[in-house]
Amino acid sequence: MSAIRELNVRIRELEIRLFQKDMAEADDWIEGLEGLNHELGMLLLIEKHVLRDDRIRYDLLAWRRANTLTVADLCKYQQDIKTEMEYGRGGHHSEWVKIHERYRAKHMGHLSAYASFKIKVLGKLLI
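First things first, this report covers the structure right here in the doc.

The rules behind each value
Sequence order as written defines residue numbering, which begins from 1 separately in each chain. Owing to the predicted nature of the model, reporting of local features is limited to residues with pLDDT of at least 70; listing and counting of side-chain atom pairs is limited to 80 or more, with chain, interface and lining totals taken over all residues. Calculation of side-chain values draws on the structure's entire complement of heavy atoms; hydrogens and water are dropped beforehand. Here, axes are lines fitted to C-alpha atoms. For helices the fit covers the stretch in contact, and angles between N-to-C directions go from 0 to 180 degrees. Secondary structure is summarised from DSSP: a helix means a run of H or I of at least four residues, a strand means a run of E of at least two, and numbering begins at the N terminus for each. Roughly parallel here means an angle under 35 degrees, roughly antiparallel means over 145, roughly perpendicular means 65 to 115, and every remaining angle is called oblique. Note: crossing handedness is left-handed where the near helix turns anticlockwise from the far helix by less than a right angle, and right-handed where it turns clockwise. Under the convention adopted here, Pro, Cys and the residues Ala, Val, Leu, Ile, Met, Phe, Trp and Tyr are nonpolar, Asp, Glu, Lys and Arg are charged, and Gly plus all remaining residues are polar. The buried label goes to any residue with under 20% of its type's maximum accessible area, the exposed label to any with over 50%, and the partly exposed label to all in between, with areas taken from a 1.4 Å probe on protein chains only. Under the pairing criterion, centres of Phe, Tyr and Trp rings, with the six-membered ring standing for Trp, must be within 6.5 Å; the plane angle then separates stacked pairs below 30 degrees from edge-to-face pairs above 60, leaving the rest tilted.

## Looking at the packing of helix 1 (residues 2-51) against helix 3 (residues 94-126)
Then, number 1: As a packed pair, helix 1 and helix 3 sit with axes 11 Å apart at the nearest point and diverge in direction by 15°. Relative to helix 3, helix 1 is oriented roughly parallel. As helix 1 runs across helix 3, the sense of the crossing is left-handed.
Then, number 2: In terms of residue class, the contact of helix 1 with helix 3 is made up of 16 nonpolar, 3 polar and 6 charged.

Shown next as structure tokens:
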């Protein structure tokens, strides 16, 4: 009986480590997006003082809003991870892996779209 209990404890410890790994990755994503927010602020200054293009300004503000919403979504995801780690009984199962992969894909898509947009804005500086 104690062998089963010990096995369950070890399984739970492994699940918690997996949740902690997911939490650390989400922390990295948030930190990167906060840096991106700073970059957007700098691009807004460039637009204001150099480009003076209302369309680009609008797009930059839209990107900053989208970035803020993405950070908020990731913070909620982190809270869900904490709740599952502390109170959940389901463990770190395949559904959690699918959820985490969706967040990863969403994050990578956000960064990819932003990179394309940034090239467009920086290209305007060359004109």
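Back to the write-up after that little detour.
## Some details on the side chain of Asp-59
Then, number 1: Examined against the element boundaries, Asp-59 turns out to sit in helix 2 (residues 54-87).
Then, number 2: For Asp-59, a relative accessible area of 11% puts it in the buried group.

## Let's talk about the packing of aromatic side chains
Then, number 1: With the rule as written, the count across this model stands at 5 aromatic pairs.
Then, number 2: Centroid distance Phe-19 to Trp-96: 5.4 Å. Interplanar angle 90°. Geometry classified as edge-to-face. Here Phe-19, found in helix 1, pairs with Trp-96, found in helix 3; they are 77 residues apart in sequence, far enough to count as distant. Note on accessibility: Phe-19 and Trp-96 belong to one class, buried.
Then, number 3: Between the aromatic rings of Trp-63 and Tyr-114, the centroid separation amounts to 5.6 Å while the plane-to-plane angle is 70°, which identifies the pairing as edge-to-face. Of this pair, Trp-63 sits in helix 2 while Tyr-114 sits in helix 3, and the two are 51 residues apart along the sequence.
Then, number 4: Accessibility expressed as a relative area gives 4% for Tyr-114, which makes it buried.

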